[in-house]
Amino acid sequence: MAKQEDLFKNVISHAKEYGYIFASSEIYDGLSAVYDYGQNGAELKKNIREYWWKSMVQLHQNIVGIDASILMHPKTWKASGHVDAFNDPLIDNKDSKKRYRADVLVEDYAEKLLQKAQKEIDKAKKRFGDAFNEEEFVSTNDRVIRYLSQRKEILERLGRSLTNEDLVDVKALIEELEIADPDTGSKNWTDVRQFNLMFGTKMGASADTSSDLYLRPETAQGIFVNFSNVQKTGRMKIPFGIAQTGKAFRNEIVARQFIFRMREFEQMEMQFFVRPGEELKWYEHWKETRLKWHYSLNLGEENYRFHDHDKLAHYANAAADIEFNFPFGFKELEGIHSRTDFDLKAHEEHSGKKLRFFDPELNENYVPYVVETSIGLDRMFLAVLSSSLKDETLEDGSSRTVLKLPAILAPTKAAILPLVKKDGLPELAQEIIDELKWNFKVQYDEKDAIGRRYRRQDAAGTPLCITVDHDSLQDKSVTVRYRDTMIQKRVLISELASIIDAEVNFKKWMGNS
Ligand code: GAP
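Predicted model only: the values in this text are computed from it and were never measured.

Engineer: Describe in detail the nonpolar core, supporting the description with residues and values.
Structural biologist: Membership of the largest hydrophobic core comes to 85 residues, with the highest contact counts inside it found for Y20 and I416. At seven residues, the largest contribution of residues to this core is made by helix 13 (residues 377-388). I121, F132, L167 and L177 belong to the second largest nonpolar core, which has 24 residues in total.

Engineer: Help me get a handle on the sheet that holds strand 22 (residues 477-482), residues and values and all.
Structural biologist: With respect to topology, five strands assemble into an open sheet ordered 20-19-21-22-23, the strand pairing being mixed. The sheet is open, and its two edges are formed by strand 20 (442-444) and strand 23 (488-492), each paired on a single side. Recorded for the sheet is a direction-independent mean angle of 25° between the axes of neighbouring strands. Two strands pair when backbone bridges link them, and strand 22 and strand 23 are joined in this way by five bridges, in the antiparallel orientation. Bridging from a neighbouring strand, T479 pairs with R490 of strand 23. In the packing of helix 15 (residues 450-460) onto the sheet, the strands contacted are strand 19 (414-418), strand 20, strand 21 (464-468), strand 22 and strand 23, and the crossing angle to strand 19 comes to about 170°.

Engineer: For the pattern of salt bridges, give the residues involved together with the corresponding values.
Structural biologist: Summed over all chains, the structure comprises 49 salt bridges. The salt bridge involving R339 is made with D343; its shortest N-O contact spans 3.0 Å. There is no split in this pair, since R339 and D343 are both buried. For R400, the salt bridge goes to E392, with nearest N and O atoms at 3.0 Å. Considered together, R400 and E392 belong to a single accessibility category, that of buried residues. The network of salt bridges with shared partners includes E392, R400, K404, R455, D458 and R481.

Engineer: Outline the site of the ligand, supporting the account with residue identities and numerical values.
Structural biologist: With respect to spatial proximity, 21 residues lie near the ligand, and among them E218, E252, M262, E269 and E332 are the closest. Residue M262 places a main-chain N or O atom 2.8 Å away from a nitrogen atom belonging to the ligand. Here L333 contributes a backbone N or O atom positioned 2.8 Å from an oxygen atom of the ligand. Burial of the ligand by the protein amounts to 93% of the accessible area it has alone, namely 550 Å². When residues of the shell around the ligand are traced back to their parent elements, those giving at least two are strand 10 (264-274), strand 13 (329-340) and strand 16 (369-376). Ranked by residues supplied to the shell around the ligand, first place goes to strand 13 with six residues. For the shell around the ligand, a count of residues per class yields six nonpolar, five polar and ten charged.

Engineer: Lay out the side chain of S374 in plain terms, naming residues and giving numbers.
Structural biologist: Its location among the elements puts S374 in strand 16. For S374, a relative accessible area of 10% gives the class buried. Apart from residues lying up to four places away in sequence, S374 is in contact with Q267, M268, E269, E334 and G335.

Engineer: Any chance you could break down helix 12 (residues 342-351) for me, citing the residues and the numbers?
Structural biologist: Restricting attention to buried positions, one finds in helix 12 the residues D343, L344, A346, H347 and E348. Summarising the contacts, the buried residues of helix 12 are in contact with helix 3 (75-79), helix 9 (220-224), helix 10 (227-233), strand 10 and strand 13. Remark: G352 follows helix 12 within two positions and exhibits a positive phi of approximately 75°.

Reading guide: rules and limits
Residues numbered from 1 in each chain as written. Predicted model: local features only at pLDDT ≥ 70, side-chain atom pairs only at ≥ 80, totals over all residues. Heavy atoms only, no water. Core = buried A, V, L, I, M, F, W, Y, C linked by side-chain atoms within 4.5 Å. Buried < 20%, exposed > 50% of the residue type's maximum accessible area, 1.4 Å probe, protein only. Helix = DSSP H or I, 4+ residues; strand = E, 2+ residues; numbered from the N terminus. Pairing = 2+ DSSP bridges. Axes fitted to C-alpha atoms, helices over the stretch in contact; angles between N-to-C directions. Contact = heavy atoms within 4.5 Å. Salt bridge = Lys/Arg side-chain N within 4 Å of Asp/Glu carboxyl O. Near = heavy atom within 4 Å. Polar contact = N/O pair within 3.5 Å; in protein donor to acceptor, adjacent residues only side chain to side chain. Areas by Shrake-Rupley, 256 points an atom, 1.4 Å probe, with all protein chains shown as cover. Nonpolar A, V, L, I, M, F, W, Y, C, P; charged D, E, K, R; others polar.

Okay, here's the thing in structure tokens:
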């Protein structure tokens, strides 16, 4: 655990040192759970967004993208259920005065039971070697059975209590499990209360005429209210999707894990409109498609798992998270939700406008069902950053810190390095930049010895270094060094564009998934 905490601390300090993430308004000591993206962070974030957008919108003829506003008519949030039901159950510790999400305390307890079961499995695996039959062991070992069934019971009870809004039982569960304040060990808890997560704001200049608005807590509603606009103007036929990326705001109670849980964050969401009755087929389709998208980035398939929801949101008839193995354990990265016709129907009722589709094949008019894919851009950023940061010991015994970002996402694709700052090498390096910059984000770096410059680019995540030396002036060739393998190759300057393209080509990455 200590090792995991160290790893997370390293990620946070590396993110700052290399211009990825800064605390918001840091000179005023920051603003809790709000962050700014620096010069490299903004590029990485843009590249993740683009990778998502291209794979959802550009690769699907039946998905289009929109950009709806953050401020929406206040009735939107009444219709969507956010005014009445977008609550987190919170609990305070009377001794430490710290506030927690009651459901997260219980979920963390359940996660520990899973870890205990896994420990038993790993021990047995080591003991029995090749002869080990995991399935048989899991179904027969008393301890593993006990841990897993206890975990299941706890999560099912939590799910039931939350669905029934039985907060007394949530507190009873915390007390029965003897869950203590993770920071202080105190078990002196208040009752569990609901807390609405939406940020309110005002529109208009005068106090009398201004109206109360909310900053959107999800981008999805901007898609639902535009359903008919897009369907009609785009002549979309079901099944079809509407995608969008953009900021969302939530007044999170517990926001401690860096950019994992922020108060201002960005979502990448897609609502897929389908025939009623076909939603579960599409739900399975999107679960599989989204997992493949994640796998395409090569962050390690073992770092992902599905978590099917026991507690369904008020609008869903099926829901699963894609969880990622963050430095603090497996946590939700993306949600796939079968939202039924809840949202469109609710907006019909509250607006008085029809939000329907005439299906020529069925000769029928209906409110479509919706399958949603919803991923936090900042969470994806953290998944990419934390799994890419490595400390390596090299063959000669020296060590290096390297950020093995997927090349397609890396902020800078290649650094152009003149071996020395004279003899015409900087000028040739600049000529190379002037040629490459039209297609790739490249960077000039002439400071320090070449070895130090390689290490700096490794740590910043740049996949390729291109070194210009005295021979380059004669034979128009340069040395290309690959970040991950550190292999160096002599190539012609005229080949550079295709060498970089081979590393960052969208089809190469997504096409194989
Ligand atoms: N439209 C459905 C929806 O908003 P959600 O599970 O509440 O569902 C979707 O959020 C995704 O948004 C999550 O899987 C997570 O990646 C991201 N997300 C949610 N709250 C967040 C927060 N406070 N900070 C960063 N990302 C967040």
